[in-house]
Amino acid sequence: MDPVLERVIVEAAVKIALVFFVVLTTVAYMTWVERRVSAWIQDRRGPNRVGPFGLLQPLADGIKFLFKEEITPPHVYRPVYLLAPILILVPALLTISVVPFGPALRLFGRDVPLRVADVDNGVLIILAFASMGVYGIALAGWSSNNKYSLMGGLRSSAQLISYELAMGLAIVGILMSAGSLRLSDVVARQAEHGWNVLWQLPGFVVFLTAAFAETNRLPFDLPEAETELVAGYHTEYSGMRFSMFYMAEYANMVTASCLAATLYLGGYHVPGLQRLGLPQNAAAIVQLLAFGIKVAFFLFVYVWVRWTIPRFRYDQLMNLGWKVLLPVALVHIVWVAFIVLMGWA
Amino acid sequence: MSASAVIFYVLASIAVLSAAMVIWSRYPVHSALYLVTTFLSVAGIYVLFEAEFVAAVQVLVYAGGIMVLFLFVILLVNLKDTLGPRVRLHATFSSLIGTAVVGLILYVYSQGRVPGSPGAAPMLREGGNLQAIGTSLYREYLLPFEIASVLLLVAMIGTIILARQKT
Amino acid sequence: MNTLFEPNYLRLISPELILTFCAFLLLGLATVKDRESKAWTPALAVLSCLVTLMVLLALTRHLGLETLRVPDLTIGFNGMFILDAFSVFFKMIFLIAAILTILISDRYLELERAQAGEYYALILFAVVGMMFMASAGDFITIFVSLETMALSFYVLVGFLKANRKSNEAALKYFLLGSFSTGIFLYGVSLVYATTATTNLGLIGASRSLEALQPDRAPIFLLGVILVTVALGFKIAAVPFHMWVPDAYEGAPTPVTAFLSTGSKAAAFVVLVRVFTMGFARLGDRWAMLLAILAVASMTLGNVAAILQDNVKRMLAYSSIAHAGYVLLGLIAAGAAHDVPSREFGLEAVLLYLLIYTFVNIGAFALVILLRREQIVGDRVVDFAGLSRRAPWAAFAMLFLMLSLAGIPATAGFVGKWYLFGAAVRAHVTWLAVVAVLNSAVSLYYYLRIVVMMYVREPAEAGRIVPSLGQRVAIAACLGFTVIFGIYPQPILALAERSVLALAPWTS
């Protein structure tokens, strides 16, 4: 095989493995963070027995899930029932592939960009993969052959489709100012002209709200609202398959946080870093860390919101999506277009 | 055969086979899922031809948007009992005619040859195919693009009128 | 190659822009709760069409289209839009059809309790689609404008939501319409595959020569056939007519009137444009194809119409038959070997479509007249004794029926004379013979209604009083039929001049 091609493939494989490892670890530790933070908010202690500060808790949970009995209820529609968790998890993990984590790192005499794929319509690919996640949820709900599951699945699909629109329109503002769908261009532009959050605040708010709905998190977790739907679309799932739903939810949170950081908080950009004159690799690592901090901030917001804001009613959720967020996003597009046209941006 | 040709034939046969399964499968849900598979493999073919934008839109709009709504309807309306024996007979009859037409079309294809357009790909690559699509959409195809907006508006109004409870 | 957008282009589409704007306005008005102001909606809709018509004529005069130099057209949007005398002629037909339709809608909608502003907005949107179809110079424009029109009609056909027949009609029309759209796109994709363009002018000028090389010809021809099939659906030609009787019967009657005239004319404008511009080199081949459709349409349409007891259904089959007649002109344009004969064929098409618009809407207006509380009034027997109950209306119906049958001294005769004459001139005399025989058959079912009106005793007493809009519409249709039946020169000259715009392609 062509040695250049070989190197490219090896590089990509290593990056994919690394990203998977990081994302899955983050996902695992998010369950711990969630419980610790909720405990802190509610003035409790949370899991603190397994390892120092309970840090080994996710590991214990993972082992527990693996050894739990997997029950396939007799009334389910088997082929689809087994397929659904996979259909949810795969798109959730794929989305992360176009996110730029940092600038290029100089390794073995060549520049290694810190992202898996740098495609010229990264934003579209994220939206496309995100939209595929609906299938898993809708089918999980339907194949479980249980009214609560079906209701949950339907609610979730309706919610995802409605909020996808608002989210897409909010992102249009970013794309207009960057003049590109490539995420690294979005970052580069913010490094030059200042972070988008500074002048696209309405878009940012819409994006963040829609992101909560897209990840089925409180206050928009109606598909699995336990007070009315038992556990929604994953009522009939158990063991590892059940945990796949959880992993997908947290993976989606990670992606959404990465996206929010990239689109609105300048991605891996650190203001004033250039003036320090650090060597390339050191600067890259600082920027990588900065990106990590920004993502961590959003992840914290997710948890924080979950334990402070009560759940919406379903019609309120739909009203918010269609009658508030969508118009706001549209007006925001006009506003951004105006600014871009006048050359003020 | 080059690697891309192999990938093309694999994707194309998946697309055609699952399209056939859309018609043949007994359960509407299966049909819907096969149709999604068709859409995804067509998107794969677009990627192969370096039309990433079209591929992403294909997934976003068809697989992610329209088919979800289809699935929605199928899940809500239980179609299981409507496929009676009479419909089966009808289906056999129409599939015979359909097969004949397909045969005819395949025969025509075997008689003719569609020329490739080698000039298209490099033009698209210049500045990314996004830019090429944007340019042609807002310059050459500006008028159809704008008419399409009226078309979509009509579709929206129409749905609302038909779905509204009472005038 | 990529010229930027020119402000001048806006002027070219200004009639369409104005009409679109008016449609938006009517939509906004539909949200107003106040009944008083709602009553003005139909008047506003008519006014919108009139203003558009005026702007269109002013624009034509301004651009000098009426003096008709050859090639007499103004191309905009990179060949996507062609404003020529030919398209202006059809745009006039669409606007007139819309005005007449709106005039006969008001009372009907009231009786059906379906009075709604969206109805008029949808009619205007349909006209916008048709107007763009008339000017389309590219398959892409044709497709989007065709769909704009079709979608409006799908909704209009199903507008009476409480009526099961209306729902069924809309569903059937929608499903078959979608199929035809798919077939159309498939055909266009094959044409594109062999010519590398969707522009009609380019295909006609040079690309079709390349596409007719032996290695590409089969695929190109398959594309042409599929496009023909799809447009055959829209003009309601046999064997693509399955949706017509049900859709025409179930739809609200004014919509049926509009569907049978406006939509048919719009499909014909595309047919003429595509075949004379894009596929001109294949003239004798598609003429054969269309001849099959024409014979089947005329024969089946007329024979089936005899068997109908429902007037709307009867007129539906009659409309199928008329599509067959009109195809004669197009066939003549394809089959003739000299330029004057080709132009003569196209002239006949234009002329007949204009006449048919007035005559057919007039006939449906009379059907609407019989619609009263509790009485649907669309059976043939409902016409019994109409001459006693509404003498003028019966007289109008008499004339319109004679015109549809093609009796001399009516406009319908003039139209058929030219259509059949074109066929003879293009040496497809056998088609003309078939058409004449069919016309004789059609006389039976048209006269059946006349006999009903004048010979039979009325089933119920009481005079029928038309509304103002109905009076105006019926008077206009009757006047047109009578005046141009006796003195057809003005519309003849108009059609003649409009066809000249297609000269670069017909020669």
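Residues numbered from 1 in each chain as written. Chains lettered and ligands numbered in written order. Predicted model: local features only at pLDDT ≥ 70, side-chain atom pairs only at ≥ 80, totals over all residues.

Bringing the overall build of chain B into the picture now. For chain B, the count of helices and strands is seven helices and zero strands. Listing every helix and strand of chain B by position from the N terminus yields α-α-α-α-α-α-α. When the 167 residues of chain B are sorted by exposure, 23% land in the buried category. Restricting the contact set of chain B to residue pairs at least 6 apart, pairs at least 24 apart contribute 54%. (Helix = DSSP H or I, 4+ residues; strand = E, 2+ residues; numbered from the N terminus. Buried ≥ 20, exposed ≤ 12 C-beta atoms within 10 Å, placed from the backbone. Contact = placed C-beta atoms within 7 Å.)

Residue and element names in this part refer to chain C. With an omega of 5°, the peptide bond running from Val238 to Pro239 counts as cis. Within the secondary structure layout, Pro239 lies in the loop between helix H10 (217-235) and helix H11 (243-250). The residue Ala236 is not glycine, and still its phi comes out positive at about 65°. Within the secondary structure, Ala236 sits in the loop between H10 and H11.

Here we come to the interface of chain B and chain C. Each partner contributes residues to the interface: chain B has 27 residues there, and chain C has 37 residues. Mapped onto the side of chain B that touches chain C, the elements with two or more residues apiece are helix H4 (85-111) and helix H7 (142-163) of chain B. Looking at which element gives the most residues to the side of chain B that touches chain C, the answer is H7 of chain B, with 13 residues. Broken down by class, the residue content of the side of chain B that touches chain C amounts to 18 nonpolar, six polar and three charged. (Nonpolar A, V, L, I, M, F, W, Y, C, P; charged D, E, K, R; others polar.)

With that settled, consider the interface of chain A and chain B. Chain A puts 18 residues into the contact, and the matching count from chain B is 17 residues. Put simply, the parts of the chain that give the side of chain A that touches chain B at least two residues each are helix H4 (122-143) and helix H5 (147-178) of chain A. Looking at which element gives the most residues to the side of chain A that touches chain B, the answer is H4 of chain A, with ten residues. Classifying every residue of the side of chain A that touches chain B gives 14 nonpolar, three polar and one charged.

Quick look at the packing of H4 of chain A against H5 of chain A now. A packed helix pair is summarised by two numbers, namely the angle formed by the two axes and the spacing between the axes. Interhelical geometry of H4 of chain A versus H5 of chain A gives an angle of 170° and a closest axis separation of 7 Å. If you check the angle between H4 of chain A and H5 of chain A, you find them roughly antiparallel. (Axes fitted to C-alpha atoms, helices over the stretch in contact; angles between N-to-C directions. Parallel < 35°, antiparallel > 145°, perpendicular 65-115°, else oblique.)

Bringing the arrangement of the chains into the picture now. Take the two pairs of chains in contact: the one carrying the most contacts is chains B and C. Separated throughout, chain A and chain C approach each other most closely at a C-alpha pair spaced 17 Å apart.

Turning to the nonpolar core, a few remarks are in order. By size, the foremost hydrophobic cluster in this structure holds 217 residues, and its most contacted members are Ile123, Leu124, Leu328 and Ile331 of chain C. Ranked by residues supplied to this core, first place goes to helix H15 (residues 339-369) of chain C with 21 residues. Residue contacts for Leu124 of chain C: discarding those within four places in its chain leaves Leu19, Cys22, Ala23, Leu26, Ala45 and Ser48 of chain C. With 107 residues, the next largest nonpolar core counts Ala138 and Tyr233 of chain A together with Leu60 and Val68 of chain B among its residues. (Core = buried A, V, L, I, M, F, W, Y, C linked by C-beta atoms within 7 Å.)

Residue and element names in this part refer to chain A. Direction of pairing for strand E1 (residues 102-107) relative to strand E2 (residues 110-114): antiparallel, over a ladder of five bridges. Directly across from Ala104, in E2, lies its bridge partner Pro113. Here E1 folds back onto E2 in antiparallel fashion, the turn holding two residues, of which Phe108 has a positive phi close to 50°. (Pairing = 2+ DSSP bridges.)

The next subject is the confidence of the model for chain C. Residues and elements named next belong to chain C. Considering every residue of chain C, the mean pLDDT works out to 87; 96% of them sit at 70 or more. Per-element mean pLDDT across chain C ranges from 66 in helix H22 (residues 503-506) up to 94 in helix H7 (residues 139-157). Confidence metrics for the complex model read pTM 0.88 and ipTM 0.88. (pLDDT = per-residue confidence, 0-100.)

This brings us to the packing of H10 of chain C against helix H12 (residues 253-278) of chain C. Residues and elements named next belong to chain C. One can describe the packing of H10 onto H12 by two numbers: an axis separation of 8 Å at closest approach and a directional angle of 155°. Considering the angle they form, H10 stands roughly antiparallel to H12. The two elements H10 and H12 meet at a crossing, and its hand is left-handed. Facing H10, whose interface residues are Val227, Leu231, Lys234 and Ile235, H12 presents Ser263, Lys264, Ala267, Phe268, Val270, Leu271 and Val274. Along the lines of polarity and charge, the residues of the contact of H10 with H12 split into eight nonpolar, one polar and two charged. (Left-handed = near helix turned anticlockwise from the far one by under 90°.)

Looking now at the environment of Phe358 of chain C. Residues and elements named next belong to chain C. Along the chain, the position of Phe358 falls in helix H15. Between the C-alpha atoms of Phe358 and Leu10, which are 348 residues apart in sequence, the distance is 31 Å. Not counting residues within four places of it along the chain, the set of residues in contact with Phe358 comprises Cys477, Phe480 and Thr481.

With that settled, consider the confidence of the model for chain B. Residue and element names in this part refer to chain B. Of the residues in chain B, 82% have a pLDDT of 70 or more, and the chain-wide mean is 80. Least confident of the elements in chain B is helix H5 (residues 120-125), whose mean pLDDT is 48; most confident is H7, at 90. Taken together, the stretch residues 118-124 has pLDDT below 50 and engages in five contacts with residues farther than four places along the chain or on a different chain.

This paragraph deals with the environment of Leu55 of chain A. Position of Leu55 of chain A relative to the elements: it lies in the loop between helix H1 (3-41) and helix H2 (57-67). Taking C-alpha positions, Leu55 of chain A is 7.4 Å from Trp32 of chain A, a pair spaced 23 residues apart along the chain.

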